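# Working through the structure, step by step
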Amino acid sequence: VIESKDGRYIIAGWTNSYGAGKLDAWLIKTDTTGNEIWNRTYGGSGDDNIFSVQETMDGGYILIGSTESYGSDDRDLWLIKTDPEGYKLWDKTFGGRDFDSGSSVRNTKDGGYIIAGATKSYGAGGSDVWLVKVNQSGKEQWNKTYGGSGYDWGFSIQQTNDSGYIIAGSTESYGLLVTTSGPEKRIPGNAWLIKTDSNGNELWNRIYGGPKEDNGYSVQKTEDGGYITVGATKSYG
């Protein structure tokens, strides 16, 4: 959910109650006290989801999620652009023959969009954090993957003051090793923070967690030039 420039609210998600069939992407606009003004569904005969929404400079909305109805095989990352009334202007799919999904989308300083998610179609193995940069029309300018042989996922993206990007997610490829009765193996997952330059080249990454599963779900810039990230932990608490 976001607050729009007119002080009202936009909710993005998915619905099994309305739309074309199975799960459809769902966008709802409400007034300041939560009364519905309009709602729109997007999708086809497969399961289609939306995980993140941002208002665009023209007063419309940019949505990111995944689709089984369109694109390549399996599931593809799905980007939808709407007008201010939620009517679809265009949509784009990105992905290959395996599972691909988008979790977070943000406006960029050049008028385009930056997308974070995960891909099994490309990268090192398992699933990799996937960063996709597109222009204002949704045309891909570049994409980068980050990860190893395990399952790695990007959940949140922000453009930084130096025009680079900060990504919050989780990694099973890196972090603590534990020894069981057999060979050493990595713990189920760690929270993962990745900083890149303006072209998506990694500058540094940091791993946070303990001996059990930990994940990072959201990241924001802070006024002192650092970052604040939030997630979930099984290691502490």
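Here, the structure is the one placed above.
Figured I'd write up the structure that's included with this text.

Rules behind the numbers
Residues numbered from 1 in each chain as written. Predicted model: local features only at pLDDT ≥ 70, side-chain atom pairs only at ≥ 80, totals over all residues. Heavy atoms only, no water. Pairing = 2+ DSSP bridges. Helix = DSSP H or I, 4+ residues; strand = E, 2+ residues; numbered from the N terminus. Patch = residues over 30% accessible without salt bridge, like charges linked within 9 Å, V, L, I, M, F, W, Y side chains within 5 Å. Areas by Shrake-Rupley, 256 points an atom, 1.4 Å probe, with all protein chains shown as cover. Salt bridge = Lys/Arg side-chain N within 4 Å of Asp/Glu carboxyl O. Buried < 20%, exposed > 50% of the residue type's maximum accessible area, 1.4 Å probe, protein only. Phe/Tyr/Trp six-rings, centres within 6.5 Å; stacked < 30°, edge-to-face > 60°. Lys NZ or Arg CZ within 6 Å of the ring centre and 35° of its normal.

So, on to the sheet that holds strand E1 (residues 2–3). With antiparallel pairing, the four strands of this open sheet are ordered in space as E1-E2-E3-E4. The open sheet is flanked by E1 and strand E4 (36–42), the only strands paired with a single partner. With six bridges connecting them, strand E3 (residues 24–30) and E4 associate as antiparallel partners. Bridging across to E4, Ile28 finds its partner in Asn39.

Before going further, it helps to examine a nonpolar patch on the surface. On the surface, a nonpolar cluster with roughly 270 Å² of combined accessible area is contributed by Val1, Tyr9 and Ile11. Assessed through its relative accessible area of 73%, Val1 is described here as exposed.

Once that is clear, we can look at the pairing of strand E12 (residues 140–146). The sheet contact formed by strand E11 (residues 128–134) and E12 spans six bridges and is antiparallel. Within E12, the residue paired with Val129 across the bridge is Tyr146.

This model, assessed by the stated rule, comprises ten aromatic pairs. Judged by centre distance (5.7 Å) and plane angle (50 degrees), the ring pair of Phe99 and Trp153 falls under tilted. Here the residue Phe99 occupies a position in the loop between strand E8 (88–94) and strand E9 (100–107), and Trp153 occupies one in strand E13 (residues 152–159), the gap between them amounting to 54 residues. Under the relative-accessibility criterion, Phe99 is labelled partly exposed at 22%. Within the aromatic cluster, the residues linked to one another by ring pairs are Phe99, Trp153, Phe155 and Tyr217. The ring of Tyr87 has Arg40 lying over it, and the distance from NZ or CZ to the ring centre is 4.1 Å.

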